[in-house]
Amino acid sequence: MEKKKLRVSVGGQTVLLAVLLCAVILASTGMGYMKIPWLDVIRIIASKVSGHQELLAAMNHIFAYVVVDVRLPRILTAAIVGGGLSIAGAIFQGILLNPLADPYTLGISAGAAFGASIALLLDIGFLGIYSVPFFAFIGAVATLFFVIYLASFGGQVSSNNLILSGIIVAAILSAGISFIKYMADEQVSIIIFWLMGSFGSKTWTDVFLTFLFVLLGFLIFIFFARDLNIMSLGDRSASSLGVETNTVRVILLVTASLITAVCVSVSGIIGFVGLIVPHLMRFLVGPDNRKLIPVSALAGATLLLCADTITRAVLPMEIPIGVLTALIGGPFFCYIFRQRQIAGTMG
Amino acid sequence: MGFAISHINFSYGGDGVFSDLSLNIEPGRFYGIIGPNGCGKTTLVDMLVKNKKPESGTVEYKGKDLNDYTRKDLAKEIALVPQDFYINFPYTVKEIVLMGRHPYMPRFSAPSSKDMKIAAAVMAETGIERFAHRHITELSGGEKQRVVFARALAQDTPVLILDEATSNLDIKYTLNLLNLAADSVKTGRKTVIAVMQNLNLAALYCDYWIFMKQGKIAAHGDIDEALNEKNIEQVFEVESKVYFEPYSKAKRVVFNPRA
């Protein structure tokens, strides 16, 4: 009886979060230097989707351009990146059995940024628009395996060692990025601006690129969600329950790194989203990854879009989004860390 | 047909654990694996559940090499209660017990009514239904161990392996859980293989003893022949006296602490 009630309410929460995300997308599209009524926003989107030009007849013709070519690509990219970082965070936390793991604290974001900076510095373009994401991915995966190698001893990977190793490696990579900035004469402003994180001047290509990878990752995560639940019992128990732990772990870690790399490559380093969102959602729906991953995707999308809209349309001047999330997320990280110390449950 | 271990070798980085170890485990008995710390008991358990693979030699179950089983098929045959257990995420006790049904549940499907019924039954047997809806992270070490035991029972397998599975439990629940295991052996439903430290507890339950020392089987046989002063001296290097104790109707071991 109780179980049944719970399942309905989890379904309800997912629907509620989806509705909230749509509302935030519509509201934020109307906000900005030029205010556009939300009914007009709906008309513009409807006309673009259905091809009925007459829907645009009664409004300022520049509205359609602002909505479709300026705001929506930025808004959708922000939402997709927020969702992507959140599910990647949920996966890192689930695999590493550590609620403090996220792409940022594990150094994965720094690794992706380092790879991307090299691509930007050397102006590498042999893969076209995929060059920067590709280098970011190589950087992310290389960092992931190095951090795990650094943290493991005798086949055991301790949670605290992982965070320490992640922070050490991130510090080294940050120094490396500073060096790259020093080396780069003309590209330096591109690299600096990009590293601080921004959704400014995103295009539909960015939207489709991130959506493709985040969706692919999401499907892979959902496919292995129950295996991941079982793996929280520890390796010996999980394999005795029929889970191919090593295979699942490699697939999920590489997928989560890929999502991180794609997100970092379109938006720069955006920290702590992947930490905070799954953490809050665990309070709401519990630790079961089959529920946690969908609600984290929706909540992460909503949260990062709100943050981006605040810097874009509410604050008098635009603060880089990465700076904003670190300013809010950093103290939150301290809070969780402190709570866990008090509770004495740090692995 | 149970397990047939033949001529296995295994080492951790050159330091040999097993060399040419062979052992048959017939179904329908309560086995005790007894030996000093670091003699390879847990490694032997890992071989039986395919967690570690021997460098040479074979481990067969029901006449088929373990390597020819998928993990999922093996999970329907052998359940393991591990020695140490920690979990960082606040699953409820019921969710953990239902994880024992994982090998039977198709991907993407919810637990069937049979799964729910089995989970409810094992929670009642192990006395944990009282905290079925509490979070595992809030329980004491002993309570967690009972939950893990229930999860292994929910797996409903012919073989149950206990790796010091009662080390954190008070005497009431130690007897409770080992009685459950022993009953399922007596009714012919299970084979139990238990790694144990407490010789007197093992004497109450294990009807076949496997003494291990330094990666070798030092002695094995029915409790009547295998549990004696000579084997204990040989394996643990302590002096003892073994006698029949009428109150528990079992053999009992007492030690001479200064010998």
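Definitions and cut-offs
Residues numbered from 1 in each chain as written. Chains lettered and ligands numbered in written order. Predicted model: local features only at pLDDT ≥ 70, side-chain atom pairs only at ≥ 80, totals over all residues. Helix = DSSP H or I, 4+ residues; strand = E, 2+ residues; numbered from the N terminus. Rg over C-alpha atoms; globule rule 2.2 N^0.38 Å. Buried ≥ 20, exposed ≤ 12 C-beta atoms within 10 Å, placed from the backbone. Contact = placed C-beta atoms within 7 Å. Core = buried A, V, L, I, M, F, W, Y, C linked by C-beta atoms within 7 Å. Pairing = 2+ DSSP bridges. Axes fitted to C-alpha atoms, helices over the stretch in contact; angles between N-to-C directions. Nonpolar A, V, L, I, M, F, W, Y, C, P; charged D, E, K, R; others polar. pLDDT = per-residue confidence, 0-100. Parallel < 35°, antiparallel > 145°, perpendicular 65-115°, else oblique. Left-handed = near helix turned anticlockwise from the far one by under 90°. Expected span 1.5 Å × (residues − 1). Arc of directions from axis to C-beta. Right-handed = clockwise from strand over helix to strand, strands pointing away.

Asker: Explain the overall build of chain A here, please?
Answerer: Helices and strands together make up the secondary structure of chain A, namely 14 helices and two strands. Relative to the compact-globule value of 20 Å for 347 residues, chain A shows a C-alpha radius of gyration of 21 Å, a close match. Counting across all 347 residues of chain A, residues that qualify as buried make up 49%. Within chain A, counting contacts between residues at least 6 apart in sequence, those at least 24 apart form 76% of the total.

Asker: What exactly am I supposed to notice about the overall build of chain B here?
Answerer: Secondary structure assignment for chain B yields nine helices and twelve strands. In terms of overall size, chain B behaves like a compact globule, its C-alpha atoms giving a radius of gyration of 19 Å where 259 residues would be expected to give roughly 18 Å. Overall size of chain B, expressed as C-alpha extent along the three principal axes, is 55 × 45 × 35 Å. Pairs at least 24 apart in sequence give 64% of the contacts found in chain B among residues at least 6 apart.

Asker: Even after reading the chapter, I still don't get the nonpolar core, so can you show me in this structure?
Answerer: Across soluble globular proteins, nonpolar side chains show a tendency to be buried alongside one another. Judged by nonpolar contacts, the single largest core of 172 residues is most densely connected at Ala79(A), Val97(B) and Ile161(B). Among the elements that line this core, the one with the most residues is helix H3 (residues 61-95) of chain A, at 16 residues. Among all residues touching Ala79(A), those that are not within four sequence positions of it are Leu21(A), Ile25(A), Ala301(A), Leu304(A) and Leu305(A).

Asker: Would you mind going over the sheet that holds strand S10 (residues 216-222) of chain B with me for this structure?
Answerer: Whenever strands of a sheet pair, they do so through backbone hydrogen bonds, lying parallel or antiparallel. Residue and element names in this part refer to chain B. Judged by pairing direction, the sheet is mixed, and its six strands sit side by side in the order S6-S7-S8-S3-S9-S10 without closing on themselves. One side of each edge strand has no neighbouring strand; the edge strands of this open sheet are strand S6 (78-81) and S10. Neighbour-to-neighbour, the strand axes of the sheet open up by a mean angle of 15°, direction not taken into account. In this sheet, strand S8 (residues 191-195) lies alongside strand S7 (residues 159-163) in parallel orientation, the contact comprising five bridges. Its bridge partner being in S8, Leu 162 is matched across the sheet by Ala 194.

Asker: Even after reading the chapter, I still don't get the interface of chain A and chain B, so can you show me in this structure?
Answerer: It is common to report an interface's size as the accessible area lost on association of the parts. Counting residues at the interface gives 22 residues for chain A, matched by 22 residues for chain B. Listed by contribution, the elements that provide at least two residues to the side of chain A that touches chain B are helix H9 (225-231) and helix H10 (235-240) of chain A. Top contributing element to the side of chain A that touches chain B by residue count: H10(A), with four residues. Among the residues forming the side of chain A that touches chain B, the class breakdown is seven nonpolar, eleven polar and four charged.

Asker: Is there a simple way to think about the confidence of the model for chain B in this case?
Answerer: When pLDDT is low, close inspection of the predicted coordinates is not appropriate. All names here are of chain B. Put simply, chain B has an average pLDDT of 92, and 98% of its residues get 70 or more. For chain B, the element scoring lowest by mean pLDDT is strand S2 (residues 15-25), at 86; S8 scores highest, at 97. Across the whole predicted complex the pTM is 0.88, and at the interface the ipTM reaches 0.89.

Asker: Is there a simple way to explain the packing of helix H12 (residues 273-285) of chain A against helix H13 (residues 289-314) of chain A in this structure?
Answerer: Working note: a packed helix pair is described by the angle between its axes plus the distance between those axes. Residues and elements named next belong to chain A. Running from N to C, H12 and H13 cross one another at 125°; their axes reach a closest spacing of 9 Å. The angle between the axes of H12 and H13 places the two elements in the oblique class. Pair H12 / H13 crosses with right-handed handedness. Each of Val 273, Val 277, Pro 278, Met 281, Arg 282, Leu 284 and Val 285 in H12 lies in contact with H13, whose residues at this interface are Lys 291, Leu 292, Val 295, Ser 296, Ala 299, Gly 300, Leu 303 and Leu 304. Classifying every residue of the contact of H12 with H13 gives eleven nonpolar, two polar and two charged.

Asker: Help me understand unusual backbone geometry, please; the structure alone is not making it clear to me.
Answerer: Comment: phi is negative for the bulk of residues other than glycine, and the bulk of peptide bonds are trans. Residue and element names in this part refer to chain B. Not every positive phi belongs to a glycine, and Asp 20 is a case in point at roughly 55°. Along the chain, Asp 20 turns up in strand S2. Despite not being glycine, Lys 249 has its phi angle at roughly 55°, a positive value. Mapped onto the elements, Lys 249 comes out in the loop between strand S11 (240-245) and strand S12 (250-255).

Asker: I keep staring at helix H4 (residues 113-125) of chain B and nothing clicks. Help me out?
Answerer: Side chains three or four residues apart in an α-helix point the same way, a direct result of the helix having 3.6 residues per turn. Residue and element names in this part refer to chain B. An ideal rise of 1.5 Å per residue puts 18 Å on 13 residues; H4 measures up with 18 Å between its terminal C-alpha atoms. Those residues of H4 not exposed but buried are Asp 115, Ile 118, Ala 119, Val 122 and Met 123. Looking straight down H4, one finds its buried side chains confined to an arc of 130°; they lie on one side. Residues Ser 113, Lys 114 and Lys 117 are exposed on H4 and point more than 90 degrees away from its buried face. Backbone geometry just after H4 places Gly 127 at a positive phi near 70°.

Asker: Would you explain the confidence of the model for chain A in this entry?
Answerer: Of the residues in chain A, 94% reach a pLDDT of 70 or more, and the chain-wide mean stands at 86. Here residues 1-8 of chain A is a poorly scored stretch, pLDDT under 50, and it has zero contacts once near neighbours within four places are set aside; other chains count.

Asker: When you look at the pairing of S8(B) in this model, what are you seeing that I'm missing?
Answerer: Two faces belong to every sheet, and in a regular strand the side chains alternate between them. Residues and elements named next belong to chain B. By the criterion of burial, S8 is predominantly enclosed, with five of the five residues buried. Residue alternation in S8 divides its side chains into two sets, Thr 191, Ile 193 and Val 195 and Val 192 and Ala 194, and both sets are buried. Summarising the sheet, strand S3 (residues 30-34) and S8 pair through four bridges and their orientation is parallel. Residue Gly 32 lies in a different strand from S8, and its bridge partner there is Ala 194. For the handedness criterion, the β-α-β arrangement of S7, helix H6 (residues 171-186) and S8 is classed as right-handed.

Asker: So what exactly am I meant to see when it comes to the environment of Lys230(B) here?
Answerer: Within the secondary structure, Lys230(B) is located in helix H9 (residues 229-236). Sequence separation between Lys230(B) and Ser240(B) is ten residues, and the spatial gap between their C-alpha atoms is 8.7 Å.

Asker: Would you mind showing me how to read the packing of H3(A) against H12(A) here?
Answerer: All names here are of chain A. Interhelical geometry of H3 versus H12 gives an angle of 75° and a closest axis separation of 7 Å. Between H3 and H12, the interaxial angle falls into the category roughly perpendicular. Across from Gly 82, Leu 85, Ser 86, Ala 88, Gly 89, Ala 90 and Gln 93 in H3, the residues of H12 making contact are Val 273, Gly 274, Leu 275, Val 277 and Pro 278. Considering only residue class, the contact of H3 with H12 consists of seven nonpolar, five polar and no charged.

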